[in-house]
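Chain by chain, the residues run as shown.
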Amino acid sequence: EEARARPIKMGGTHVGGTDWVAGMLLAKRADFQPPIYVPFGGGADIVTNVVGGNLEVGILNYSEAEAQIASGDVVPVVVMADRPFAKSPDTPTTVDLGIDAKMATLRGVGALKGVPEDRLEKLESAFLAAMECEEYQNYLASNGLSPDSIADGETYGKQIEETAAAFLELESEMQSQ
């Protein structure tokens, strides 16, 4: 309600990046006032400014604020996804709240156009199998990521398309202002 009544101070990494798009997309689709976006070099600076009261909201990865969340200095407000975050299962998602605003930092593996399909299938199979190993599963767990954060190429491609569409939507609005 506060963000609908007045612009709030929101911190994230550089303007035009994933944090900025996440914050602006959330504000737009939740019918918030345009926030005052304050860019920082990284999560540690954002957390410091949230805890210090210089920001009302920080766009963060959970691992960047985990210690402050555990101490109660930072409270997770919303996860921009369609399912809850493993380390914060009681935090609502944007989908739970009826807000069509999902955003995630995507990492994946790509290949040059023209690589034969059988080789792509072999590579995809090998990567998916490797991510099932104990070390990688421990990495996911230690960062609060669930095993279902691993996706095949088709799913990853759809995620990239959704993210690109959000960037383009906000870019075209910025150009018209």
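All values derive from a computational prediction rather than experimental measurement. (Residues numbered from 1 in each chain as written. Predicted model: local features only at pLDDT ≥ 70, side-chain atom pairs only at ≥ 80, totals over all residues. Heavy atoms only, no water.)

As for the pairing of strand 2 (residues 36-40)
- Judged from the five bridges that link them, strand 1 (residues 9-13) and strand 2 form a sheet pairing that is parallel. Opposite Met-10, over in strand 2, you have Tyr-37 as the bridge partner.
- Following the backbone out of strand 1, through helix 2 (residues 18-29) and into the adjacent parallel strand 2, one traces a crossover that is right-handed. (Pairing = 2+ DSSP bridges. Helix = DSSP H or I, 4+ residues; strand = E, 2+ residues; numbered from the N terminus. Right-handed = clockwise from strand over helix to strand, strands pointing away.)

Notes on the sheet that holds strand 2
- If you trace the three strands from one edge of the open sheet to the other, you get 2-1-3, paired in parallel fashion. The open sheet is flanked by strand 2 and strand 3 (57-58), the only strands paired with a single partner.
- Together, strand 1 and strand 2 form the strand contacts of helix 2, whose direction differs from that of strand 1 by roughly 150°. (Contact = heavy atoms within 4.5 Å. Axes fitted to C-alpha atoms, helices over the stretch in contact; angles between N-to-C directions.)

Focus: the environment of Ala-86
- Mapped onto the elements, Ala-86 comes out in the loop between helix 4 (66-71) and helix 5 (117-130).
- Along the primary structure Ala-86 and Pro-147 are separated by 61 residues, whereas in three dimensions their C-alpha atoms are 9.5 Å apart.

Observations concerning a nonpolar patch on the surface
- There is a patch of nonpolar side chains on the surface, built from Val-109, Leu-123 and Phe-127 and spanning about 280 Å² of accessible area.
- Looking at where Leu-123 falls in the secondary structure, it is placed in helix 5. (Patch = residues over 30% accessible without salt bridge, like charges linked within 9 Å, V, L, I, M, F, W, Y side chains within 5 Å. Areas by Shrake-Rupley, 256 points an atom, 1.4 Å probe, with all protein chains shown as cover. Salt bridge = Lys/Arg side-chain N within 4 Å of Asp/Glu carboxyl O.)

Note that every value here comes from positions in space, so none of it alone points to a role or purpose.
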